[in-house]
Amino acid sequence: MRLNNKVALITGGTSGIGEATALLFAKEGAEIAITGRNRRRGEAVLKRIKEVGSEANFFEADVSIAGDCRRAVEETVEAFGRLDILFNNAGVFYAQTAMGCSEKEWDEQIDTNLKGTFLMSKFALPVMIAQRSGVIINNASGWGIVGGDRAVAYCASKGGVVLMTKAMAIDHGAQGIRVNCVCPGDVETPMLPADAKMRGMKWDEYIAGCAKRPLGRVGTVDEIAKAVLFLASDDSSFMTGAALVVDGGGTAD
């Protein structure tokens, strides 16, 4: 029960890494708030969290909209009385080069992945500072550390998340706030088949390419959730400003 009596707010908590993290946090004793743009999926995840025995709320929100971010934080504090952990997980991806990327695709990735992380942190930080404690974990990417093919806007957004993490860690360490990011490689989420489709690749061909990393496979959402739990808990109490890469060795090549 490493998160007993803690309150965690997870954006993009209705599927993939966000859902897996919400369920793991609940098993570790946290009360959970999740955001997402799909109420039906949100309610389904809430049901699973409550089956674990944890209190949970879902807030329909788009992290690229400041008002939604402010409301998600305010309603979390109203429901649970505090906010101990923010996991900025919501993200989108389009497989495009600089020439092929439309302005709309660029804006959506920057607004969701980078601006959304900034906005949620902006509104969560005053709550945590008043408590003199808090943890923010940002979901970056291995492609925030190294470049990737046909991922110009995604790499730009996730590279920004990595450096924003470090900047916030410097700004808020003395106030009792730790800020770290997790940098996953290819993980079994709905984003992978969508990427394969955008690249015009058959699934077997796509997965074979992913398996060329040192560990020879893609990751699971539970493996990333465990890394996020580590960053959220006192197990990482002397870590801030870190980019924790969890990618099967993909960035080691």
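Fair warning: this is a prediction, and the values are worked out from it, not measured in the lab.

Kindly report on the overall build of the chain, identifying the contributing residues and their values.
Helices and strands together make up the secondary structure of the chain, namely eight helices and seven strands. At 17 Å, the chain has a C-alpha radius of gyration in line with the 18 Å of a compact globule built from 253 residues. Sequence-distant contacts in the chain: of pairs separated by 6 or more residues, those separated by 24 or more amount to 73%. Of the roughly 11500 Å² of accessible surface on the chain, a fraction of 53% belongs to carbon and sulfur atoms. Here the chain holds 28 positive side-chain charges and 31 negative ones, and the gap between their average locations is 1 Å.

Describe the environment of leucine 83, and please don't skip the residues or the numbers.
Here leucine 83 lies in the loop between helix H3 (66-80) and strand E4 (85-88). Residue classification places leucine 83 among the buried positions, given a relative accessible area of 0%. Spatially, the C-alpha atom of leucine 83 lies 17 Å from that of valine 63, the residues being 20 residues apart in sequence. For leucine 83, the contacting residues outside a window of four places in its chain are Val7, Ala8, Leu9, Val73, Thr76, Val77, Ala124, Val127, Met128 and Gln131.

Quick one: what's the story with the sheet that holds strand E1 (residues 7-10), residue by residue and with numbers?
One open sheet holds the seven strands; their spatial order is E3-E2-E1-E4-E5-E6-E7, and the pairing between them is parallel. Edge positions in the sheet fall to strand E3 (56-60) and strand E7 (243-246), since each of these pairs with one other strand and no more. Sheet twist, expressed as the mean angle between neighbouring strand axes with direction ignored, is 15 degrees. Packing against the sheet, helix H1 (residues 16-27) makes contact with E1, strand E2 (31-36), E4, strand E5 (134-139) and strand E6 (177-184), and its axis sits at approximately 170 degrees to E1. Strands E4, E5, E6 and E7 of the sheet are contacted by helix H8 (residues 221-232), whose axis makes an angle of about 165 degrees with E6.

What counts as what
Residues numbered from 1 in each chain as written. Predicted model: local features only at pLDDT ≥ 70, side-chain atom pairs only at ≥ 80, totals over all residues. Heavy atoms only, no water. Helix = DSSP H or I, 4+ residues; strand = E, 2+ residues; numbered from the N terminus. Rg over C-alpha atoms; globule rule 2.2 N^0.38 Å. Contact = heavy atoms within 4.5 Å. Areas by Shrake-Rupley, 256 points an atom, 1.4 Å probe, with all protein chains shown as cover. Lys, Arg positive; Asp, Glu negative; His and termini not counted. Charge placed at Lys NZ, Arg CZ, Asp CG, Glu CD. Buried < 20%, exposed > 50% of the residue type's maximum accessible area, 1.4 Å probe, protein only. Pairing = 2+ DSSP bridges. Axes fitted to C-alpha atoms, helices over the stretch in contact; angles between N-to-C directions.

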